[in-house]
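Remarks on the overall topology
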Amino acid sequence: MSMHILQAGPLTTVQDRGRFGYMEYGITASGVMDTLAYTQLVSLLANEPDAAVLEMTLMGAELVFEEDVCAAYTGADMQAVYDGNIPVERGRVYRIEKGHRLRFGMAKNGVRAYFAIAGTIEVPSVMGSRSTNLKCGLGGFKGRKLQNGDAIPIRVREFSEAEQKRLLKKTVSQMDYEREKTVRVILGPQKEMFTEEGVRTFLETPYTVSVESDRMGIRLEGKKVLAEGNTDIISDGIVFGSVQITTAGLPIVMMADHQTTGGYAKIATVIQEDLPILAQAGPGDQIRFAQADLKKLQKHSPGSFLRMLFGGR
Amino acid sequence: MSSLRICPVGDQAVLCEFDNVIDVQTNDRVQYLAAQIRAAHPKGVTEVLPTYRSLLIFYDQGKTTYQKLLPVIKKFSAAQTAETQEKKRIRIVPCHYGGEEGPDLGEMSRELGRSEAEIIQIHQSVDYKIYMLGFLPGFVYLGGLDERIHMPRLSIPRTKIPARSVGIGGSQTGVYPMDSPGGWRLIGRTPLSFYDQTNDPPVLCHAGEYIRFVSVTEQEYALIRQDVKNKVYQPEFA
């Protein structure tokens, strides 16, 4: 049983929560860029919490199925249409009949949309994950982005009529993504390499998302962050959310496909809860960084962030 | 005694930074702390990432906090002395130097004014420490290349370097774990797979180990390669 990709769109990949535990071997986690939209989608469909989904970027895919499925999408608004003229909203479960087309268009709000069926995408798990690592040609569907004509194996979850009825009534509210956003950061680990004025510039002036942003990093344009001297460091570890300052003085926020190590100084790190904001930031959007206090963030017993993500499960 | 600075990396990791240098002693301390954390796996710690002079410790905010991990990490780092270094583990890496596998060896010989045999001998004579892995899966950052065979990178990088090529770039030597673009001078190829996603673990080497290159003939290369492919090759250590 397959899901046929009639039109793949510019960058559609199979992703899940990520491939963890291999950073020390030089293998980055990959996984979805927007963990919030992802978590909403898998819980909406009552799929496994680490289920595989499609991540579509800027422009969506056109899909057709070999059997009836229940499906939904979250994240960016890609003006989806079923059967040629029936609008499909984000955050709602629909029944898609076999042979009838589901078409995603341009993202008109946000950048990345997530699509899944109630069931599973049957690509092999590699090192414990179904995420596509594009640079290494690893995981996902044949280690690459989807192409027109691909047939992706899927398995529809079986459920009773009552269950299906309940599923089709479910909704989850979806965000309106602002064009001006603020993300919270913890300063460091190499904040000391920048002048006081440089750190002030970073925290007080808005930056514009560059068209060169991708799954590896969100590149920003704006006022230069001044450093004490050379900001090359002896290469050290990078995390999803590290804010590097390039030799040109401009910030890059490292995202899901970041390299595991790097030699640019990192002025700050975006907190995990705010990474989905960046995942939905498109070219021209404005980003401001605000300093957060780690002690206060982690004051409320461990688990507060996860409870928020999983809705109290 | 070395310095140690501990600081948060956002709300997901702790960075432990030793002296700001690339040397064996400093990296030994990093590897030692990494081994301690792996063995103890403190509650909430999800993975560790050792690099030249620092260790990144990832944690699950749902299970622990930065403040809770601090005393645990400090306890391990305090227990560290010069004598706690583990015994060297030296992995033998067969290499077929020159020929089609090492297309830049001839040019290097001309530029350095040393015979190919001499370059091979110098390259084999050092046990290289693996300071860290990064850049590509299984790519090893090695220390210790003899200054006599330092060599600038190619001015125009190759668009595709075959997996397992052994090269020299500036003051570094190493092995391309997979087909990749790159600017290093290629001097040979190893039959060993530094990265193979069907293996568990998917990489051959680990940070903290040493590597010794040993010259093999084309024939030996082919035999070892066959064994590696059939997954019957037995790794050798000095």
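This structure is a prediction, so every number in the text was calculated from the model and none was measured.

**Section: the overall build of chain B**
- The secondary structure content of chain B amounts to 5 helices and 13 strands.
- Taking 2.2 N^0.38 as the reference for a compact globule, 238 residues should give roughly 18 Å; the C-alpha atoms of chain B span a radius of gyration of 20 Å, in line with that estimate.
- Projected onto its principal axes, the C-alpha positions of chain B cover 55 × 40 × 35 Å.
- Here chain B, with 238 residues, has 45% of them falling under the buried criterion.
- Long-range contacts, defined as pairs at least 24 residues apart, comprise 61% of the intrachain contacts of chain B with a sequence gap of at least 6.

**Side note on the overall build of chain A**
- For chain A, the helix and strand inventory stands at 6 helices and 21 strands.
- Projected onto its principal axes, the C-alpha positions of chain A cover 65 × 35 × 35 Å.
- With 313 residues in all, chain A has 48% of them scored as buried.

**Topic: the sheet that holds strand β1 (residues 5–9) of chain B**
Residue and element names in this part refer to chain B.
- In spatial order, the strands read β1-β2-β4-β3; together these 4 strands make up an open sheet with antiparallel pairing. Because the sheet does not close on itself, it has two edges, and the strands there are β1 and β3 (45–50). Sheet twist, expressed as the mean angle between neighbouring strand axes with direction ignored, is 20°.
- Taken together, the 5 bridges between β1 and strand β2 (residues 13–17) define a ladder with antiparallel strand orientation. Among the inter-strand pairings, Arg5 is bridged to a residue of β2, identified as Glu17.
- Along the sheet, helix α1 (residues 24–40) makes contact with β2, β3 and β4 (54–59), crossing β3 at roughly 165°.
- Against the sheet, helix α2 (residues 66–78) contacts β1, β2 and β4, and its axis sits at roughly 30° relative to β2.

**Let's talk about the interface of chain B and chain A**
- Chain B puts 41 residues into the contact, and the matching count from chain A is 35 residues.
- Where the side of chain B that touches chain A is concerned, the elements lending two or more residues are β1, β2, β3, β4, α2 and β6 (128–133) of chain B.
- Top element by residues in the side of chain B that touches chain A is β3 of chain B. It accounts for 5 residues.

**Quick notes on the domain arrangement of chain A**
All names here are of chain A.
- Parsing chain A into structural domains produces domain 1 (2–169) and domain 2 (180–310).
- The C-alpha-based centres of domain 1 and domain 2 are spaced at 28 Å.
- Every contact between the two is made by 20 residues of domain 1 and, on the other side, 16 residues of domain 2.
- Among the secondary structure elements, those contributing two or more residues to the side of domain 1 that touches domain 2 are α1 (35–44), β5 (69–77) and β10 (109–117).
- The dominant element in the side of domain 1 that touches domain 2, judged by the number of residues it contributes, is α1, at 4 residues.
- Per-class residue counts for the side of domain 1 that touches domain 2 are 9 nonpolar, 8 polar and 3 charged.

**What about the domain arrangement of chain B?**
Residues and elements named next belong to chain B.
- Segmenting chain B into domains produces domain 1 (5–84) and domain 2 (90–229).
- With centres defined by C-alpha atoms, the gap from domain 1 to domain 2 works out at 30 Å.
- Of the residues lining the interface, 7 residues belong to domain 1; the matching set on domain 2 comes to 6 residues.
- Tallying contributions element by element places α1 first for the side of domain 1 that touches domain 2, with 3 residues.
- When grouped by side-chain class, the residues that make up the side of domain 1 that touches domain 2 number 4 nonpolar, 3 polar and no charged.

**Notes on the nonpolar core**
- In this structure, Leu41, Val53, Tyr114, Ala116 and Val185 of chain A together with Ile57 of chain B are the most contacted members of the largest nonpolar core, which totals 151 residues.
- Excluding anything up to four places from it in sequence, Val53 of chain A contacts Gln15, Val32, Tyr38, Leu41, Tyr114, Phe115 and Ala116 of chain A.

**Topic: the sheet that holds strand β4 (residues 62–65) of chain A**
Residue and element names in this part refer to chain A.
- Pairing is antiparallel in the open sheet, where 7 strands are placed in the order β7-β6-β9-β4-β1-β12-β11. Because the sheet does not close on itself, it has two edges, and the strands there are β7 (86–88) and β11 (119–121).
- Across 2 bridges, strand β6 (residues 80–82) lies against strand β9 (residues 102–103) in antiparallel orientation. What sits directly across from Tyr82, in β9, is Leu102.

**Points about the pairing of strand β10 (residues 172–175) of chain B**
Residues and elements named next belong to chain B.
- Note: strand β9 (residues 165–169) against β10, 4 bridges, orientation antiparallel. Its bridge partner lying in β10, Gly167 is registered against Gly174.
- Counted between consecutive antiparallel strands, the loop separating β9 from β10 contains 2 residues, among which Gly170 sits at a positive phi close to 65°.

**Let's talk about the environment of Ile211 of chain B**
Residues and elements named next belong to chain B.
- With respect to the helices and strands, the residue Ile211 is situated in strand β13 (residues 210–215).
- Residues Ile211 and Arg185 lie 26 residues apart in sequence; the distance between their C-alpha atoms is 19 Å.
- Here Ile211 is in contact with Arg91, Val93, Tyr128, Ile130, Val140, Leu142 and Cys205, once residues within four sequence places are set aside.

**Remarks on the confidence of the model for chain B**
- Scored by pLDDT, chain B has a mean of 93; 96% of the residues are at 70 or more.
- Taken together, the chains of this predicted complex give a pTM of 0.92 and an interface ipTM of 0.93.

**As for the pairing of β9 of chain B**
Residue and element names in this part refer to chain B.
- For β9, the buried fraction is high: 4 of the 5 residues fall into the buried class.
- Of the pairings in the sheet, the one linking β9 to strand β12 (residues 185–189) comprises 4 bridges and is antiparallel in character. From the neighbouring strand, Gly167 faces β12, where its bridge partner is Leu186.

**Some thoughts on unusual backbone geometry**
- Residue Pro189 of chain A follows Gly188 of chain A across a cis peptide bond; omega there is 15°.
- In this structure, Pro189 of chain A sits in the loop between β13 (180–187) and α3 (196–204).
- Look at the link from Asp200 of chain B to Pro201 of chain B: it is a cis peptide, with omega at 0°.
- As for its position among the elements, Pro201 of chain B is in the loop between β12 and β13.

The rules behind the values
- Residues numbered from 1 in each chain as written.
- Chains lettered and ligands numbered in written order.
- Predicted model: local features only at pLDDT ≥ 70, side-chain atom pairs only at ≥ 80, totals over all residues.
- Helix = DSSP H or I, 4+ residues; strand = E, 2+ residues; numbered from the N terminus.
- Rg over C-alpha atoms; globule rule 2.2 N^0.38 Å.
- Buried ≥ 20, exposed ≤ 12 C-beta atoms within 10 Å, placed from the backbone.
- Contact = placed C-beta atoms within 7 Å.
- Pairing = 2+ DSSP bridges.
- Axes fitted to C-alpha atoms, helices over the stretch in contact; angles between N-to-C directions.
- Domains from an automatic or database assignment.
- Nonpolar A, V, L, I, M, F, W, Y, C, P; charged D, E, K, R; others polar.
- Core = buried A, V, L, I, M, F, W, Y, C linked by C-beta atoms within 7 Å.
- pLDDT = per-residue confidence, 0-100.

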